[in-house]
Amino acid sequence: QELPVSEPTLTSPVVYHVRPFDPLAHLYEVTCRIERPSTDGQLLSLPAWIPGSYLIRDYARHVVQFQAESGGEPVPARKLDKHTWRVAPVPGELLVRMRVYAADPSVRGAWLDQQQGFINGVCVFLRVHGQEEAPSVVHLDPPEFLPPAGADPGIAPAWRLSTGLQRLTGGQGEFGSFRAASYSDLIDHPILM
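Residues numbered from 1 in each chain as written. Predicted model: local features only at pLDDT ≥ 70, side-chain atom pairs only at ≥ 80, totals over all residues. Heavy atoms only, no water.

Visitor: Sorry if this is basic, but what is going on with the overall build of the protein chain here?
Guide: Counting its regular elements, the protein chain contains one helix and 16 strands. Going through the 193 residues of the protein chain one by one, you find that 46% of them count as buried. (Helix = DSSP H or I, 4+ residues; strand = E, 2+ residues; numbered from the N terminus. Buried < 20%, exposed > 50% of the residue type's maximum accessible area, 1.4 Å probe, protein only.)

In structure tokens, the structure reads:
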């Protein structure tokens, strides 16, 4: 059953920022910025399935931290069910920050260690209820951690990025900013680092 939300104006994109946070703990940090959240309190969720494989997979179980803020101040958020959160109404922009455990080496999940990273969008990109048809902008940062133990830091290869998302900044294989036409488009483009 679909939960009711008020209709926001879809003139601005939903902006995501993804960075490898802690490779030894397999953690990504993901932020989601919503310029015009629902006036009733914003509903957010992660899919319980992945396009092309419709078994229940419960991706939200890998969210180890979930925080919301507006204007630099914390905003209450409540988990409604296994994969849906409601954030209290705010007068302006809403920023949601979460940490996601990524230790699934299959193509249906997310992975992060000191050698590589993989993201299937259903694992990290929150669905902003009422704004599924809005475009998305995704900023992808390179890892800031050291190369694996024993690797010569002077010759450790730079990380490269590959995705089918439309590139907005940077060149082939570089980290940068990307665009998706809608939420469905966003979760249909895996990211390999």
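Visitor: Just checking my understanding: could you explain the pairing of strand β8 (residues 94–101) for this structure?
Guide: Regular strands place their side chains on alternate faces of the sheet. On β8, burial follows the alternation: Leu94, Val96, Met98 and Val100 on one face are buried, whereas Leu95, Arg97, Arg99 and Tyr101 on the facing-out side are not. By the bridge criterion, eight bridges tie strand β2 (residues 27–34) to β8 in an arrangement that is antiparallel. Across the sheet, the residue bridging to tyrosine 28 is valine 100, located in β8. Direction of pairing for strand β4 (residues 63–70) relative to β8: antiparallel, over a ladder of six bridges. Bridge pairing in β8 places glutamate 69 opposite leucine 95. (Pairing = 2+ DSSP bridges.)

Visitor: Would you mind going over empty space enclosed by the protein with me for this structure?
Guide: Over the atoms a probe the size of a water molecule is rolled, and this reveals where empty space is left. Under the definition given, this model contains one cavity of 30 Å³ or more. One number sums up the size of the largest cavity: a volume of about 50 Å³. Every residue lining the largest cavity is listed: Val14, Tyr16, Arg127, Val128, Gln131, Glu132, Ala134, Pro135, Ser136 and Tyr183. Breaking the lining of the largest cavity down by element, the ones donating at least two residues are β1 (14–22) and β11 (127–128). Counted by class, the lining of the largest cavity contains six nonpolar, two polar and two charged residues. (1 Å grid on protein atoms, 1.4 Å probe; cavity = no way out; pocket = protein on both sides within 12 Å on 5 of 7 lines; lining within 4 Å. Points joined across faces, edges and corners; volume = space filled by probe spheres on them. Nonpolar A, V, L, I, M, F, W, Y, C, P; charged D, E, K, R; others polar.)

Visitor: Which parts of the structure should I look at to understand the packing of aromatic side chains?
Guide: Two aromatic rings, taken as a pair, are described by how far apart their centres are and by the angle between their planes. Within the structure shown, the criterion is met by two aromatic pairs. Between tyrosine 16 and phenylalanine 125 the ring centres are 5.0 Å apart and the planes differ by 70°, which places this aromatic pair in the edge-to-face class. Highlighted residues: tyrosine 16 in strand β1 and phenylalanine 125 in the loop between β10 (117–119) and β11, separated in sequence by 109 residues. Each member of the pair tyrosine 16 and phenylalanine 125 is classed as buried. Look at phenylalanine 66 and tryptophan 85: their rings are 4.5 Å apart centre to centre, the planes differ by 5°, and that puts the pair in the stacked class. Linking phenylalanine 66 in strand β4 with tryptophan 85 in strand β7 (residues 84–87), this pair joins segments that are 19 residues apart in sequence. Looking at tryptophan 85, the relative accessible area reads 5%, which means it is buried. Over the ring of phenylalanine 21 we find arginine 99, and its NZ or CZ is 3.7 Å from the ring centre. (Phe/Tyr/Trp six-rings, centres within 6.5 Å; stacked < 30°, edge-to-face > 60°. Lys NZ or Arg CZ within 6 Å of the ring centre and 35° of its normal.)

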